[in-house]
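Understanding the architecture of this molecule
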Amino acid sequence: TQLLEQSPQFLSIQEGENLTVYCNSSSVFSSLQWYRQEPGEGPVLLVTVVTGGEVKKLKRLTFQFGVARKDSSLHITAAQPGDTGLYLCAGPNAGNMLTFGGGTRLMVKP
Amino acid sequence: KAGVTQTPRYLIKTRGQQVTLSCSPISGHRSVSWYQQTPGQGLQFLFEYFSETQRNKGNFPGRFSGRQFSNSRSEMNVSTLELGDSALYLCASSLYGTGFYEQYFGPGTRLTVT
């Protein structure tokens, strides 16, 4: 079974600070996705990374896929209260079923 | 275009009862997947239906079942409810399926079993 571990589990920061969230596995994934989930809603896809070493930017969010395709990170620059939410990484396992990490709950205080 | 809709949004049931949840995917999407989300176990894959056929199934007991209709709408059923079945049940639709492809999630159905 391919597992994804996310760290930290919880993060509380002040507006304007930078942060990095990690997603690690002992297995190789063909791709990884990052989602954000807000209270009362379903997860929303932020990005899909496919190539080892790939870096994708989405405004203040930078996503990186490890060279060995076993890990990924999400870096947020100058966090804003609107970034508050649950960040989830996910990857397809055997049979193409999506496996999710445990999530990082981020709170950005104004 | 309209997003994924799930009904009902909230549900309270008693142990031993059964429940049926409904999901309407985005128009044109043929794949519907179901997930269970709990504080302890996180988001776990239940099953995926594509063009009325179950294509994948997660590691859940047989009390959890589903089906998909010709219009791609899907239902999931949980029989003989247990307290541990209390969770947020999410449905996601996609053009091609799970894994690499983009999935659009509904807001979920919050099930409480007492």
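Fair warning: this is a prediction, and the values are worked out from it, not measured in the lab.

**Describing the overall build of chain B**
On a plain count of helices and strands, chain B comes out with zero helices and eleven strands. Ordered by position from N to C terminus, the α and β elements of chain B give β-β-β-β-β-β-β-β-β-β-β. The C-alpha radius of gyration of chain B comes to 13 Å, within 12% of the 13 Å expected for a compact globule of 114 residues. C-alpha extents for chain B along the principal axes are approximately 35 × 25 × 25 Å. Counting every position in chain B, which comprises 114 residues, the buried fraction comes to 51%. The long-range fraction of contacts in chain B, counting pairs at least 24 apart against all pairs at least 6 apart in sequence, stands at 55%. Here chain B displays about 5400 Å² of accessible surface, and carbon together with sulfur accounts for 49% of that area.

**Quick word on the sheet that holds strand 7 (residues 61-65) of chain A**
Residues and elements named next belong to chain A. Read from one edge to the other, the open sheet built from five strands follows the order 1-3-8-7-6, with strand pairing classed as antiparallel. Every interior strand has two partners, whereas the edge strands, strand 1 (5-7) and strand 6 (55-58), have only one. When the angles between neighbouring strand axes are averaged without regard to direction, this sheet yields 15°. Sheet topology note: the strand 1/strand 3 (residues 19-24) ladder contains three bridges and is antiparallel. Its bridge partner being in strand 3, serine 7 is matched across the sheet by tyrosine 22.

**A closer look at the interface of chain A and chain B**
Tallying the contact residues gives 19 residues for chain A and 19 residues for chain B. Across the interface of chain A and chain B, roughly 1400 Å² is buried in total on both sides, 55% from carbon and sulfur atoms. Sorting the residues of chain A by area buried against chain B places A:Met97, A:Leu98 and A:Phe100 first, and these three jointly supply 31% of that buried surface. For the interface between chain A and chain B, the tally reads zero salt bridges. At the boundary of chain A with chain B, the tally comes to four residue pairs in polar contact (both at pLDDT 80 or more). In terms of residue class, the side of chain A that touches chain B is built from ten nonpolar, eight polar and one charged.

**Here's the deal with unusual backbone geometry**
The bulk of non-glycine residues show a negative phi, and the bulk of peptide bonds are trans. Residue A:Pro8 follows A:Ser7 across a cis peptide bond; omega there is -10°. Turning to its location among the elements, A:Pro8 is positioned in the loop between strand 1 and strand 2 (10-14). Omega for the peptide link from B:Thr7 to B:Pro8 comes to -10°, which places this bond in the cis form. With respect to the secondary-structure elements, B:Pro8 resides in the loop between strand 1 (5-7) and strand 2 (10-13).

**As for the pairing of strand 8 (residues 74-78) of chain B**
Where a strand is regular, its side chains alternate between the two sheet faces. All names here are of chain B. Counting buried positions along strand 8 gives five out of five residues, so the element sits mostly inside the fold. Judged by which residues are buried, strand 8 turns out to be covered on both faces: Ser74, Met76 and Val78 on one side and Glu75 and Asn77 on the other are all buried. Where strand 3 (residues 19-24) meets strand 8, five bridges bridge the pair, whose relative direction is antiparallel. Opposite serine 22, over in strand 8, you have glutamate 75 as the bridge partner.

**Remarks on a nonpolar patch on the surface**
Where nonpolar side chains cluster on the molecular surface, the patch consists of A:Val50, B:Leu95, B:Tyr96, B:Phe100 and B:Tyr101 and spans about 480 Å² of accessible area. Its place among the elements puts B:Tyr96 in the loop between strand 9 (87-94) and strand 10 (104-105). Classification of B:Tyr96 as exposed rests on a relative accessible area of 52%.

So, how was this worked out
Residues numbered from 1 in each chain as written. Chains lettered and ligands numbered in written order. Predicted model: local features only at pLDDT ≥ 70, side-chain atom pairs only at ≥ 80, totals over all residues. Heavy atoms only, no water. Helix = DSSP H or I, 4+ residues; strand = E, 2+ residues; numbered from the N terminus. Rg over C-alpha atoms; globule rule 2.2 N^0.38 Å. Buried < 20%, exposed > 50% of the residue type's maximum accessible area, 1.4 Å probe, protein only. Contact = heavy atoms within 4.5 Å. Areas by Shrake-Rupley, 256 points an atom, 1.4 Å probe, with all protein chains shown as cover. Pairing = 2+ DSSP bridges. Axes fitted to C-alpha atoms, helices over the stretch in contact; angles between N-to-C directions. Buried area = accessible area lost by both parts, 1.4 Å probe. Salt bridge = Lys/Arg side-chain N within 4 Å of Asp/Glu carboxyl O. Polar contact = N/O pair within 3.5 Å; in protein donor to acceptor, adjacent residues only side chain to side chain. Nonpolar A, V, L, I, M, F, W, Y, C, P; charged D, E, K, R; others polar. Patch = residues over 30% accessible without salt bridge, like charges linked within 9 Å, V, L, I, M, F, W, Y side chains within 5 Å.

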